[in-house]
Each structure stands twice: as structure tokens, then as C-alpha cells.
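# Topology and contacts: notes
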Amino acid sequence: MVDEVAFRALPGPVLAEFHAKGWLDLIVLHLASQQRWPALATEAANSRTHNAN
């Protein structure tokens, strides 16, 4: 998991290095995925409840 607060606090040269290595896009996509997990869990729980009825 990526700590978003720590990631946002990284200094510019570190972010430039991550970009140069191709890591920056992967980290941003991972953060977006992390943000979606609670909604997916809720959807799954609602789906199980709906299918049980």
C-alpha cells in the first residue's frame, strides 16, 4: 500500500526520479485503486444482500 500523505510530501527531486523510472504513473494508479476499495466493498455487500432476498 502507498501512504498518500507520505507520497504527497516527497520532494520534487524524488518525484522526478520516480517519473524517470516509470514509477510515478504506477503509484498514482495504485492510489486511485486504493480510494475505490471502500465503494467496491459496499457494492459487494449490497449485492450479496440483494441476491439473498
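Notes on the structure follow. From a predicted model like this one, the values you see are computed outputs, not experimental measurements.

The rules behind these values
Residues numbered from 1 in each chain as written. Predicted model: local features only at pLDDT ≥ 70, side-chain atom pairs only at ≥ 80, totals over all residues. Heavy atoms only, no water. Helix = DSSP H or I, 4+ residues; strand = E, 2+ residues; numbered from the N terminus. Expected span 1.5 Å × (residues − 1). Buried < 20%, exposed > 50% of the residue type's maximum accessible area, 1.4 Å probe, protein only. Contact = heavy atoms within 4.5 Å. Axes fitted to C-alpha atoms, helices over the stretch in contact; angles between N-to-C directions. Parallel < 35°, antiparallel > 145°, perpendicular 65-115°, else oblique. Nonpolar A, V, L, I, M, F, W, Y, C, P; charged D, E, K, R; others polar. Core = buried A, V, L, I, M, F, W, Y, C linked by side-chain atoms within 4.5 Å.

What follows covers helix α3 (residues 23-52). Taking 1.5 Å per residue as the helical rise, α3 with its 30 residues ought to reach 44 Å, and the 43 Å between its terminal C-alpha atoms agrees with that figure. The complete set of buried residues in α3 reads L24, I27 and L31. Buried positions along α3 lie against α1 (4-8) and α2 (12-20).

The next point concerns the packing of α2 against α3. The N-to-C vectors of α2 and α3 enclose an angle of 100°; their axes lie 5 Å apart at closest approach. On the basis of the axis angle, α2 is roughly perpendicular to α3. The residues of α3 that touch α2, namely those facing L15, F18 and H19, are W23, L24 and I27. Tallied by class, residues from the contact of α2 with α3 come to 5 nonpolar, 1 polar and no charged.

Grouped together as the largest cluster of nonpolar side chains are 5 residues: F7, F18, L24, I27 and L31. Per-element accounting of this core gives the leading share, 3 residues, to α3.

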